[in-house]
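What follows is the residue order along each chain.
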Amino acid sequence: MIRFFYILVLIASVLLTGCVKQDVIDKITISFTGAFDEAPDDQIEFTIAATKFQADKSRTVSNALYSKVGHTSKNILEIMDLQLNRPIKPGKISVLLIGKELAERGLADELDVILRDAIASRRMYVAIVDGKGKEILQANFSSNEEKGMYLYNLLDTNVRTGLVPRQNLHDFEYAYLGKGMDPFFPLLTLQPNGQVQISGLALFKDDKYVLSLSQKQMRVMKLLLGNVRYGTLETKLENGPYMAIKNIGSKVNYRVGKESKSPKVTINLRLNAEVIDSKGMALTKQEQQSIKESFEKDLTTTGLDLLQLFKKEEIDPLGLGDFLRSKTRKWNVEAWKEEYPTMNVKLNVRVDLTEIGIRK
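The model shown is predicted, which means the values in this text are computed figures rather than measured ones.

*Asks:* Report on the overall build of the protein, specifying residues and quantitative values.
*Replies:* The helix and strand tally for the protein stands at eleven helices and 13 strands. Counting across all 360 residues of the protein, residues that qualify as buried make up 45%. Look at the contacts in the protein between residues 6 or more apart in sequence, and 65% of them connect residues 24 or more apart. Counting every atom, the protein has about 20,200 Å² of accessible surface; 50% of that belongs to carbon and sulfur.

Here's what the structure looks like:
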């Protein structure tokens, strides 16, 4: 009986596999990256970088750009198909670029279309461009790698082992539709030499871009968002040189308490690190203590400045409201919006130097 059951499952699996709609790679237009930009008359410009495979060169890949203006992205794609001999498959896009002007206007309509698309990957990265997204796709920043894959690897590497907090399409959807939090995206800049750089973090209030964070601020915000096991921090010692440490494991936790009628949140950040650049200092016990205190002061100051900035702009990229919602009975979003600008948030930072290098 059990054998018969497994045979039925196997047959069903084969039959269902045959029912899946498949695309032949040389009969579709594949694009791994696209860009939305603002256009006149309340329209949008949608640009895709279609991948071109060279038949005689297995490792050679280039891009052909297609761009159209319209009121909806779906209609633009149909118009694009009129000039292509192969239909476009937007579900293959892994990086979506959005121009800053369009982001300031609001992304609800454009991203709603993507979020409703069943074939759109929730792991897709979205990035805001300081300028127009089309300009990045036009630049020759990747001579040996397809542009979409280059941008994906740039973002993915810096999210996994660098300064950038994670925020793919799934994370954006959770923050945008959730209560007591606001989304953010990486901010890309096209450098004068034609290279693409992650220059900071674009913060949103609901679906509208409101301000950006510098690389240093982005680094601290990542530490406040969750546990991190990598990254480099630097600071200037009082009356001394600049120092650099490597984060080998940081942990952050939030605590909630009551202060009169308003909630109080305490953020505890503990960072284990090793010194990787001491500018020739001998690193005595006294000097190690000075380094530790300098980093604690720098991280605390930057962190508190960020918290004050968030409250001033009435945005909540750290998700403090969502945290309180999980800890508070009868939490109310409207009451939270009134309390947030004046809420008491305390930050405690502790840095432990577990290693000082191999020099003696």
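*Asks:* Help me get a handle on unusual backbone geometry, residues and values and all.
*Replies:* Look at D42: it is not a glycine, yet its phi comes out positive at around 60°. Tracing the sequence through the fold places D42 in the loop between β1 (29-39) and β2 (43-53). Even without being glycine, K330 reaches a positive phi, approximately 55°. If you trace the backbone, K330 turns up in the loop between α10 (320-327) and α11 (333-339). A relative accessible area of 83% places K330 in the exposed class.

*Asks:* Can you lay out the pairing of strand β7 (residues 184-190) for me, pointing to particular residues and giving the numbers?
*Replies:* Counted residue by residue, β7 has six buried out of seven residues, so it is predominantly covered. Two elements, β7 and strand β8 (residues 196-205), share seven bridges in a ladder whose sense is antiparallel. The residue of β8 that forms the bridge with P186 is L201. The hairpin turn running from β7 into β8, its antiparallel successor, is five residues long, and G194 in that turn takes a positive phi close to 90°.

*Asks:* Can you lay out the pattern of salt bridges for me, pointing to particular residues and giving the numbers?
*Replies:* Oppositely charged side chains can form a pair if their charged atoms are brought close together. What the rule picks out here adds up to 16 salt bridges. For D298, the salt bridge goes to K216, with nearest N and O atoms at 3.2 Å. You can see D298 sitting in helix α9 (residues 285-313) and its partner K216 sitting in helix α8 (residues 215-225), a full 82 residues away along the chain. The exposure class of K216 is partly exposed, given its relative accessible area of 43%.

*Asks:* Report on the nonpolar core, specifying residues and quantitative values.
*Replies:* Residues L97, L203, M221, I245, I267, F310 and L320 are the most contacted members of the largest nonpolar core, which totals 65 residues. F46, I93, F172 and F204 belong to the second-largest nonpolar core, a separate cluster that totals 27 residues.

*Asks:* Before we move on, can you summarise the packing of aromatic side chains with the specific residues and values?
*Replies:* Evaluated as defined, the whole model comprises nine aromatic pairs. When the ring of Y125 is compared with that of Y152, the centres are 5.3 Å apart and the planes differ by 50°; the resulting orientation is tilted. Of this pair, Y125 sits in strand β6 (residues 125-129) while Y152 is found in helix α6 (residues 147-161), placing the two residues 27 residues apart along the sequence. A relative accessible area of 6% places Y125 in the buried class. Measuring from ring centre to ring centre gives 4.8 Å for F172 and F185, while their planes differ by 15°; the resulting arrangement is stacked. Of this pair, F172 sits in helix α7 (residues 169-177) while F185 sits in strand β7, and the two are 13 residues apart along the sequence. One aromatic cluster in this structure is built from F172, Y176, F185, F204 and Y209.

What counts, and where the lines are drawn
- Residues numbered from 1 in each chain as written.
- Predicted model: local features only at pLDDT ≥ 70, side-chain atom pairs only at ≥ 80, totals over all residues.
- Heavy atoms only, no water.
- Helix = DSSP H or I, 4+ residues; strand = E, 2+ residues; numbered from the N terminus.
- Buried < 20%, exposed > 50% of the residue type's maximum accessible area, 1.4 Å probe, protein only.
- Contact = heavy atoms within 4.5 Å.
- Areas by Shrake-Rupley, 256 points an atom, 1.4 Å probe, with all protein chains shown as cover.
- Pairing = 2+ DSSP bridges.
- Salt bridge = Lys/Arg side-chain N within 4 Å of Asp/Glu carboxyl O.
- Core = buried A, V, L, I, M, F, W, Y, C linked by side-chain atoms within 4.5 Å.
- Phe/Tyr/Trp six-rings, centres within 6.5 Å; stacked < 30°, edge-to-face > 60°.

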